[in-house]
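What follows is each chain in one-letter form.
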Amino acid sequence: RDQPTNNQSMRAVVRLFTAPQCALCESTKVVLQAARLSLPFDLCEVDIAQELRAGDRTFFDRYRHRIPVVAVNGQEIDGHQFTYSWLEDALKLSPP
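All values reported here derive from a predicted model rather than from experimental measurement.

(A) Representation of the environment of Ala 34 within the structure. As for its placement among the helices and strands, Ala 34 is situated in helix α1 (residues 23-35). Since its relative accessible area comes to 46%, Ala 34 is described here as partly exposed. Taking C-alpha positions, Ala 34 is 9.4 Å from Tyr 84, a pair spaced 50 residues apart along the chain.

Here it is as structure tokens:
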């Protein structure tokens, strides 16, 4: 799993829980990457299938029926409900 480096530690971390061959995951990632142009955050992508293959069922069991899921400092939203406005609000309400 990607972790922010020390010089990035003051920014919020947005996690995208995803899986292979997920079209909605890809479109959510495009929105997140575009949002990084105007909103300060670090993006960490977590492939739940890869985690499962590595022996960790935690994310697979939690998110397999919901992916993509976007998480900002404990707040989560399913990808089909995700919007730029939600991300902007979540980043304002959540300290890094």
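(B) Structural detail: the nonpolar core. In terms of nonpolar packing, the biggest core is built from 15 residues, with Val 14, Leu 32, Phe 41, Val 70, Trp 86, Leu 87 and Leu 91 touching the most fellow members. Those elements that provide at least two residues to this core are β1 (12-18), α1, β3 (69-72) and α4 (84-93). Here the element with the most residues in this core is α4; it accounts for four residues.

(C) Fine view of the pairing of β3. With burial as the criterion, each face of β3 is covered, one bearing Val 69 and Ala 71 and the other bearing Val 70 and Val 72. The sheet contact formed by β1 and β3 spans four bridges and is antiparallel. Of the residues in β3, the one forming a bridge with Val 14 is Val 72. Sheet topology note: the β3/strand β4 (residues 75-78) ladder contains four bridges and is antiparallel. Each bridged residue has a counterpart across the sheet, and for Val 70 the counterpart in β4 is Ile 77.

(D) Molecular detail of the environment of Val 14. On the secondary structure map, Val 14 appears in strand β1. Leaving out residues up to four positions away in the same chain, Val 14 has contacts with Leu 32, Phe 41, Asp 42, Leu 43, Cys 44, Val 70, Ala 71, Val 72, Leu 87 and Leu 91.

(E) Quick peek at the packing of aromatic side chains. Enumeration according to the criterion identifies four aromatic pairs in this entry. Relative to Trp 86, the ring of Phe 82 lies with its centre 6.2 Å away and its plane at 65°, an arrangement referred to as edge-to-face. With respect to class, Phe 82 is no different from Trp 86; both count as buried. Here the aromatic residues Phe 17, Phe 59 and Tyr 63 are joined through ring pairs into a cluster of three or more.

Definitions and limits used
- Residues numbered from 1 in each chain as written.
- Predicted model: local features only at pLDDT ≥ 70, side-chain atom pairs only at ≥ 80, totals over all residues.
- Heavy atoms only, no water.
- Helix = DSSP H or I, 4+ residues; strand = E, 2+ residues; numbered from the N terminus.
- Buried < 20%, exposed > 50% of the residue type's maximum accessible area, 1.4 Å probe, protein only.
- Core = buried A, V, L, I, M, F, W, Y, C linked by side-chain atoms within 4.5 Å.
- Pairing = 2+ DSSP bridges.
- Contact = heavy atoms within 4.5 Å.
- Phe/Tyr/Trp six-rings, centres within 6.5 Å; stacked < 30°, edge-to-face > 60°.

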